[in-house]
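The chain contents come next:
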Amino acid sequence: MESKKSIPQILADIWARPIERDEEARYQSQMAEHHYLGALPSSLSDFHGPAY
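Thresholds, definitions, all that
- Residues numbered from 1 in each chain as written.
- Predicted model: local features only at pLDDT ≥ 70, side-chain atom pairs only at ≥ 80, totals over all residues.
- Heavy atoms only, no water.
- Patch = residues over 30% accessible without salt bridge, like charges linked within 9 Å, V, L, I, M, F, W, Y side chains within 5 Å.
- Areas by Shrake-Rupley, 256 points an atom, 1.4 Å probe, with all protein chains shown as cover.
- Salt bridge = Lys/Arg side-chain N within 4 Å of Asp/Glu carboxyl O.
- Helix = DSSP H or I, 4+ residues; strand = E, 2+ residues; numbered from the N terminus.
- Buried < 20%, exposed > 50% of the residue type's maximum accessible area, 1.4 Å probe, protein only.
- Arc of directions from axis to C-beta.

Novice: Looking at this structure, how should I read a nonpolar patch on the surface?
Specialist: Where nonpolar side chains cluster on the molecular surface, the patch consists of Ile 7, Ile 10, Leu 11 and Ile 14 and spans about 420 Å² of accessible area. Residue placement: Leu 11 occurs in helix H1 (residues 7-12). Taking the relative accessible area as the measure of exposure, Leu 11 reaches 52% and is therefore exposed.

This is the structure we're talking about:
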């Protein structure tokens with residue numbers, strides 16, 4: 001039997017980072033397809049600031 005992870009254990013496995021410039025098109029496509037708010041307006045696409 002497989003042991004189940006607790007919510008804190010699941011959350012510990014999640015990480016987030018700003019998208020890279022070369023990921024912008026895929027990010028917008030995925031947001032438009034899957035997020036309830038849709039894609040960000042293009043005027044906000046530079047919101048994340050300079051690429052690191």
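Novice: Mind showing me how you'd approach the pattern of salt bridges here?
Specialist: A side chain with one charge can pair with a side chain of the opposite charge if their charged atoms come near. Applying the stated rule across the entire model yields two salt bridges. A salt bridge links Asp 13 to Lys 5; its shortest N-O distance comes to 2.4 Å. On the basis of relative accessible area, Asp 13 is assigned to the partly exposed category, the value being 49%. Of the charged contacts in the structure, one is a salt bridge between Glu 23 and Arg 17, with a shortest N-O distance of 2.7 Å. Among the residues examined, Glu 23 registers a relative accessible area of 26% and is labelled partly exposed. Residue Arg 17 is classed as partly exposed on the basis of its relative accessible area of 44%.

Novice: Got a minute to help me understand helix H2 (residues 24-34) in this structure?
Specialist: Residues lying three or four places apart along an α-helix face the same way, a consequence of the helix completing one turn every 3.6 residues. Among the residues making up H2, those that are buried are Glu 24, Gln 28 and Met 31. The arc enclosing the buried residues of H2, seen along the axis, measures out at 65°, which places them on a common side. Turned more than 90 degrees away from the buried face of H2 sit Ala 25, Arg 26, Glu 33 and His 34, all of them exposed.

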